[in-house]
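# Fold and geometry: a report
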Amino acid sequence: MIKIQNLVKNYGGIQAVKNISFTVEEGEIVGFLGPNGAGKSTVMNILTGYLSSTSGEVEVNGINVLENPLEAKRQIGYLPEQPPLYPDMTVKEYLSFVYDLKGCKLKKEAHLSEICDVVKIKDVYNRVIRNLSKGYRQRVGIAQALIGNPKVVIFDEPTVGLDPKQIIEIRTLIRDLGRNHTVILSTHILPEVQAVCDRIVIISKGKIVANEKTVEISRAVEGAGKLSIKICGPEKEVLATLRSTSGVQSAEVLGARDSDSITYYVESTGGLDIRKILFRTMAQKGWPIIGMESLGVNLEDVFLSVVEDPGTTGTKKKNVKGGKA
Ligand code: ADP
């Protein structure tokens, strides 16, 4: 659905985008992340036809954005960080205005009504935008992006400034939209990406430094293969038993010691989930487990590990999967 190939963008002497390539398949929700100045906006602006590239190819739904920007724009709905709303208009007036502006050919009333159903703004349809809550205004922003039924929807920081309930609602809405649209979500909120996106592309200093399925990253984040486990029992025997348990690669005393329990660090072979077998083994020995915790990396660690050393382009599996003790 979206194909970016060998994209380069120079601003005078500054190379803001350095030969990047990635694709987004139909129906995928992809998170596009990176620190400030990484080149996210530049890529988004080229993708949406607002900026030309220095070299490279960009295609949306088979249409070359650089050769045919008007047609390509019809394929894309865009919600910028500041939705382009007119506060003095009612929701109805505003959506009707955007419909005309886009030169939409679909049946107006039915199309706008359908969109209002999807983004749940029917109850404020005749209200003036200025008087709406931030959550509702964001929904109106999403509604304008959906006019014309674009195949691709791009969201830039869609939940900034919303309260927790509104955040959950907007995330749910984006996930629902992902069923019928290809979605790119640009955000700096990592748990949001984890909650919403199928895949994560990270850009740093103009290069792609990670391109991974979210489940792969979540696996590293959960880190079921590395445990801190608190057991009541004689230290030497417990340690020996842990080390001889099938699936255990190494076991060490972590040092934290209560009156009758000791905390151990246990690592499994190949990241296997050994929690159940450890439970059974210790139960057989009569040594109660009174605490067990997965020691994974968090998504922030993953993000920092890939953006701090953008020496290579493409996937850096080593960094993404390498947990820390
Ligand atoms: P991001 O959106 O990830 O914060 P940008 O795409 O805005 O990054 O910027 C990437 C790099 O290009 C930065 O170094 C920025 O200073 C530079 N840049 C962006 N726009 C311009 C411009 N119009 N003229 C010169 N340099 C620019």
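This report concerns the structure included in the present document. Here the structure is a predicted model, which means the values were calculated and not measured.

Here is what the cut-offs are and how they apply
Residues numbered from 1 in each chain as written. Predicted model: local features only at pLDDT ≥ 70, side-chain atom pairs only at ≥ 80, totals over all residues. Heavy atoms only, no water. Pairing = 2+ DSSP bridges. Helix = DSSP H or I, 4+ residues; strand = E, 2+ residues; numbered from the N terminus. Contact = heavy atoms within 4.5 Å. Axes fitted to C-alpha atoms, helices over the stretch in contact; angles between N-to-C directions. Buried < 20%, exposed > 50% of the residue type's maximum accessible area, 1.4 Å probe, protein only. Core = buried A, V, L, I, M, F, W, Y, C linked by side-chain atoms within 4.5 Å. Arc of directions from axis to C-beta. Parallel < 35°, antiparallel > 145°, perpendicular 65-115°, else oblique. Left-handed = near helix turned anticlockwise from the far one by under 90°. Nonpolar A, V, L, I, M, F, W, Y, C, P; charged D, E, K, R; others polar. Phe/Tyr/Trp six-rings, centres within 6.5 Å; stacked < 30°, edge-to-face > 60°.

### Structural notes on the sheet that holds strand 4 (residues 55-60)
- Taken in spatial order, the four strands line up as 2-1-4-5 in an open sheet, and their pairing is antiparallel. Each edge of the sheet is formed by a strand with only one pairing partner; in this case those strands are strand 2 (14-24) and strand 5 (63-64).
- Pairing of strand 1 (residues 2-11) with strand 2 involves eight bridges; the strand directions are antiparallel. Along strand 2, the bridge assignment pairs Val8 with Lys18.
- Strand contacts of helix 1 (residues 40-47): strand 1, strand 2 and strand 4, with the helix running at about 120° to strand 1, the strand carrying the most contacts.

### A closer look at the environment of Val128
- Note on placement: Val128 falls in the loop between helix 4 (108-119) and helix 5 (134-146).
- Residue Val128 is classed as partly exposed on the basis of its relative accessible area of 29%.
- The sequence separation of Val128 and Thr214 amounts to 86 residues, and the corresponding C-alpha distance is 39 Å.
- Apart from residues no more than four positions distant in its own chain, Val128 is found in contact with Pro87, Asp88, Met89 and Thr90.

### As for the nonpolar core
- Grouped together as the largest cluster of nonpolar side chains are 47 residues, with contacts concentrated most on Leu95, Ile121, Val140, Ile142, Phe155 and Ile202.
- Apart from the residues lying within four places of it in its own chain, the contact partners of Phe155 are Leu79, Ile142, Ile174, Leu177, Val183, Ile184, Leu185 and Ser186.
- Judged by nonpolar contacts, the second largest core, of 27 residues, contains Ile2, Leu7, Leu47 and Val58.

### Thoughts on helix 9 (residues 235-244)
- Turning to helix 9, its buried residues number three or more, namely Val238, Leu239, Thr241 and Leu242. Each buried residue of helix 9 sits inside an arc of 165° when the element is viewed along its axis, so together they form one side. Set apart from the buried face of helix 9 by more than 90 degrees, the exposed residues are Lys236 and Ser244.

### Describing the packing of helix 5 against helix 6 (residues 164-177)
- Contact geometry of helix 5 with helix 6 gives a least axis separation of 10 Å together with a crossing angle of 15°. Viewed along their axes, helix 5 and helix 6 adopt a mutual orientation that is roughly parallel. When the axes of helix 5 and helix 6 are compared, the crossing they make is right-handed. Facing helix 5, whose interface residues are Gly135, Gln138, Arg139, Ile142 and Leu146, helix 6 presents Gln166, Glu169, Ile170, Leu173 and Leu177.
- Grouping the amino acids of the contact of helix 5 with helix 6 by side-chain chemistry returns five nonpolar, three polar and two charged.

### Description of the packing of aromatic side chains
- Evaluation of the coordinates by the stated rule reveals three aromatic pairs.
- Consider the rings of Tyr86 and Tyr94, whose centres lie 6.4 Å apart with planes at 50°: the pair is tilted.
- Here Tyr86 and Phe97 contribute two aromatic rings whose centre-to-centre distance is 5.5 Å and whose plane-to-plane angle is 90°, an arrangement assigned as edge-to-face. Note that Tyr86 is positioned in the loop between strand 6 (76-79) and helix 3 (91-102) and Phe97 in helix 3, a separation of eleven residues in sequence.
- On the accessibility criterion, Tyr86 (43% relative accessible area) is partly exposed.

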